[in-house]
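Chain residues, written in single-letter form:
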Amino acid sequence: MDNRTNTIAGWVLGAGIVALGASIVTGEVFKAERPEKMGYPIEGVEVEGGEGGAEEQPIAAFMASADAAAGEGVFKKCAACHTITPGGANGLGPNLHGIMGAPIAGKPGFAYSEALKSKGGTWTWDNMSAWLKSPKGFANGTKMTFAGLGKPEDRANLMAYMNAQGSNMPLPPPPAAAGDPAAAAAEKADQPAAGDKGETEPVLTEGQAAKQPVGRVMGEGAPATAGREEQAKTKAE
């Protein structure tokens, strides 16, 4: 009886060792690392914040090259809820014919959310771009569930298409170069920027400046020459 019990115990112990070893081996083979970014991408939904997190240029910078034909393709994402034909019916969203430049939340016969009605103003290029980029960011509490268009090129193309559907607003002027604000302001005023020479202003050496009449010392060499004249007067006295 004792031998039989020992045999059973031995088999149980052996089976346990085998199971433990198999568990360790399986865990090593099928070991999975935690992904750096949780979740799964959903086709058709833009990632919030765009690419790289760099500061985005004003939408006016993209409107000059916007393509209305490409925007018609982008509008297919909106067609499930909106019509854009003249006199088209409201759906889950209002009809968008002539929407650019129109009052925000102003289409008759559509029940807008209080969040959007409280915005006021009109659908300018900047307002529409902000709305298309993130409806909830533009009007927190809106009923619109669309995640938004993260790419400014897509928004510019879409607005160019929407503008051609009964609005025909003039395109916004391109923004001034952000690298040199002083030069941009001077260009706007048609004046040279600070530190720049005028087209007709001469650049004089110290020797040339010294030959000018007293009281009319000009040019880049003027400060040094004027200082020398003061020193000469002091010595003479």
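The coordinates are above.
Residues numbered from 1 in each chain as written. Predicted model: local features only at pLDDT ≥ 70, side-chain atom pairs only at ≥ 80, totals over all residues. Heavy atoms only, no water.

We now examine the packing of aromatic side chains. Applying the stated rule across the entire model yields five aromatic pairs. Relative to Tyr161, the ring of Phe75 has its centre 5.7 Å away and its plane inclined at 50°; by these criteria the two rings are tilted. Highlighted residues: Phe75 in the loop between α3 (68-74) and α4 (114-117) and Tyr161 in helix α7 (residues 152-163), separated in sequence by 86 residues. By relative accessible area, which is 7% here, Phe75 ends up buried. Using a relative accessible area of 10% as the deciding quantity, one classes Tyr161 as buried. Summarising the aromatic geometry, the rings of Trp131 and Phe138 are spaced 5.9 Å apart at their centres and angled 80° between planes, so their arrangement reads as edge-to-face. Summarising the burial analysis for this pair, Trp131 and Phe138 share the class buried. Chaining the aromatic ring pairs together yields one cluster made of Trp123, Trp131 and Phe138. Here Lys119 stacks its cationic end above the ring of Phe138, 4.5 Å away from the centre of that ring. (Phe/Tyr/Trp six-rings, centres within 6.5 Å; stacked < 30°, edge-to-face > 60°. Helix = DSSP H or I, 4+ residues; strand = E, 2+ residues; numbered from the N terminus. Buried < 20%, exposed > 50% of the residue type's maximum accessible area, 1.4 Å probe, protein only. Lys NZ or Arg CZ within 6 Å of the ring centre and 35° of its normal.)

Relative orientation of the contacting elements helix α5 (residues 125-133) and α7 amounts to 125°, with a least axis distance of 10 Å. As judged from the angle between their axes, α5 and α7 are oblique. The handedness of the crossing between α5 and α7 is right-handed. Between α5 and α7, the contacting residues are Trp125, Met128, Ser129, Leu132 and Lys133 on the first element and Arg155, Leu158, Met159, Met162 and Asn163 on the second. Its residues assigned to classes, the contact of α5 with α7 shows six nonpolar, two polar and two charged. (Axes fitted to C-alpha atoms, helices over the stretch in contact; angles between N-to-C directions. Parallel < 35°, antiparallel > 145°, perpendicular 65-115°, else oblique. Left-handed = near helix turned anticlockwise from the far one by under 90°. Contact = heavy atoms within 4.5 Å. Nonpolar A, V, L, I, M, F, W, Y, C, P; charged D, E, K, R; others polar.)

Another point: the nonpolar core. Within the largest apolar cluster, 30 residues are counted, with the highest numbers of intra-cluster contacts made by Leu116, Trp123, Met128, Trp131, Leu158, Met159 and Met162. Every element with two or more residues in this core is listed here: α2 (60-63), α4, α5 and α7. Looking at this core element by element, the count peaks at six residues for α7. Among all residues touching Met128, those that are not within four sequence positions of it are Ile99, Met100, Trp123, Met159 and Met162. (Core = buried A, V, L, I, M, F, W, Y, C linked by side-chain atoms within 4.5 Å.)

Of the positions making up α5, those classed as buried are Trp125, Met128, Ser129, Trp131 and Leu132. All buried residues of α5 fall inside an arc of 165° around its axis, so they share one side. Looking at the buried positions of α5, the neighbouring elements they touch are α2, α4, α6 (135-138) and α7. (Arc of directions from axis to C-beta.)

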